[in-house]
Amino acid sequence: MIAAIRDAADGGFLALAPFALRREGLLARRVTMLAGEYGPLGAPLLAPDADPQVLDALLDAAVGHFGGGLVALPYVRTDGPVFDLLQDVCAQTGWRLARDNDSLRAGHATGATGHEQYRLLGTRRRKELDRQFRRLGDAGATRLASVTDSAGVAEAFERFLELEAAGWKGRRGTALASEPSRAAFARAFVQGMAQAGKARIDMLTQDGDAVAMLVMLRDRDRVFSWKIAFDEARARLSPGAQITRYAMRRNLEEAGLAEADSLAIPDHPMITPLWRGKVPYARLVVARGPLAGLALAFARADLAARRGLRRIAKAVLRRLRPAADAA
């Protein structure tokens, strides 16, 4: 369901967010604000003048529809206005707040701080990237470029879909092009962003062939690295790192930007050493009622149990994959 709060005077939207019953942990389904893996940002849409009563009404609408008195809000940044407003809601109403799985992912600032972060890359790593880039150039004319116009983005995105599908995501069936409906949605989404002047595709090419591509999306003064793909045949020359480093330079040159968010997992081995800023976020859980404290404690334990089980499953898969590849 989509919960919406509107202004009684003019009908304008004050708050909007999608909710569903989801099994976020091992044992229980709970009301959860939806945030996908392709867009790990969990903040509800709020009008600039939204006050605690508006957010309180939005949470009430969610639990009123599904029942219960607990709501999970994944991927909420803990350094922004939505988190501040949520804390105000809990201070002024009967809601109680718990933070789960506090995390940091890579990002970078702009201005003087951003340039300082760009220079934080170690001398040895920087020289190695330069050497690898020269090696790419030895095999053909190498070029770094960006497209931002609507037609150019549409053409480049088709090349991105092909490049991503040619790699491990294609083999596992998780590439955007692996499922027609997913590809159609992605095309429409990226094209809509491009028409609004909010999309940029950075490209590393060799003799015109795509070696690495990064889809960047902008929302007001923030830019997000949405999807990346690279030619695995050239992996030893770090094409993913090359395009990510270039994207940071482009971000630092772009007018009106305050920061960049990688949307990557915490401690991502490729982007974390390159983008030295930190983006803090967490899964937030709010509950109300006489048993709110107990409900929050159970929810956190349930979520932690699922994370532990996933870590075990990933470790087992890492051990099984080499044997499967050898066979």
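Let me begin by describing the structure that accompanies this report. The structure presented is a predicted model; accordingly, all values stated were derived computationally and were not measured. (Residues numbered from 1 in each chain as written. Predicted model: local features only at pLDDT ≥ 70, side-chain atom pairs only at ≥ 80, totals over all residues. Heavy atoms only, no water.)

**Quick word on the overall build of the protein**
Counting its regular elements, the protein contains 9 helices and 12 strands. The principal-axis extents of the C-alpha atoms in the protein amount to approximately 70 × 55 × 40 Å. Burial status across the protein gives 44% buried among its 327 residues. Put simply, of all contacts in the protein between residues at least 6 apart along the chain, 72% involve residues at least 24 apart. Total accessible area on the protein stands at roughly 16,800 Å², and carbon and sulfur atoms take up 55% of it. (Helix = DSSP H or I, 4+ residues; strand = E, 2+ residues; numbered from the N terminus. Buried < 20%, exposed > 50% of the residue type's maximum accessible area, 1.4 Å probe, protein only. Contact = heavy atoms within 4.5 Å. Areas by Shrake-Rupley, 256 points an atom, 1.4 Å probe, with all protein chains shown as cover.)

**Looking at the environment of lysine 227**
Its location among the elements puts lysine 227 in strand β10 (residues 222-230). We classify lysine 227 as buried; its relative accessible area is 6%. Sequence separation of lysine 227 and methionine 213 is 14 residues, and the distance between their C-alpha atoms is 8.3 Å. Once residues lying within four places of it in the same chain are set aside, the contact partners of lysine 227 are Tyr38, Phe160, Glu164, Lys169, Leu176, Met213, Leu214 and Val215. At 2.9 Å, the side chain of lysine 227 forms a polar contact with the side chain of glutamate 164. (Polar contact = N/O pair within 3.5 Å; in protein donor to acceptor, adjacent residues only side chain to side chain.)

**Regarding helix α1 (residues 52-66)**
Taking 1.5 Å of rise per residue, 15 residues should cover 21 Å, and α1 covers 22 Å from first to last C-alpha, within 8% of that figure. In the segment just after α1, glycine 67 is the residue with positive phi, at about 90°. (Expected span 1.5 Å × (residues − 1).)

**Notes on the packing of α1 against helix α2 (residues 81-92)**
When two helices pack together, their arrangement is given by the angle between the helix axes and by the axis-to-axis distance. At a minimum axis separation of 9 Å, α1 and α2 run at an interaxial angle of 85°. Classified by the interaxial angle, the pair formed by α1 and α2 is roughly perpendicular. For the pair α1 and α2, contact is made by Pro52, Gln53, Leu55, Asp56 and Leu59 and by Leu85, Leu86, Asp88, Val89 and Gln92, respectively. Residues of the contact of α1 with α2, tallied by class, amount to 6 nonpolar, 2 polar and 2 charged. (Axes fitted to C-alpha atoms, helices over the stretch in contact; angles between N-to-C directions. Parallel < 35°, antiparallel > 145°, perpendicular 65-115°, else oblique. Nonpolar A, V, L, I, M, F, W, Y, C, P; charged D, E, K, R; others polar.)

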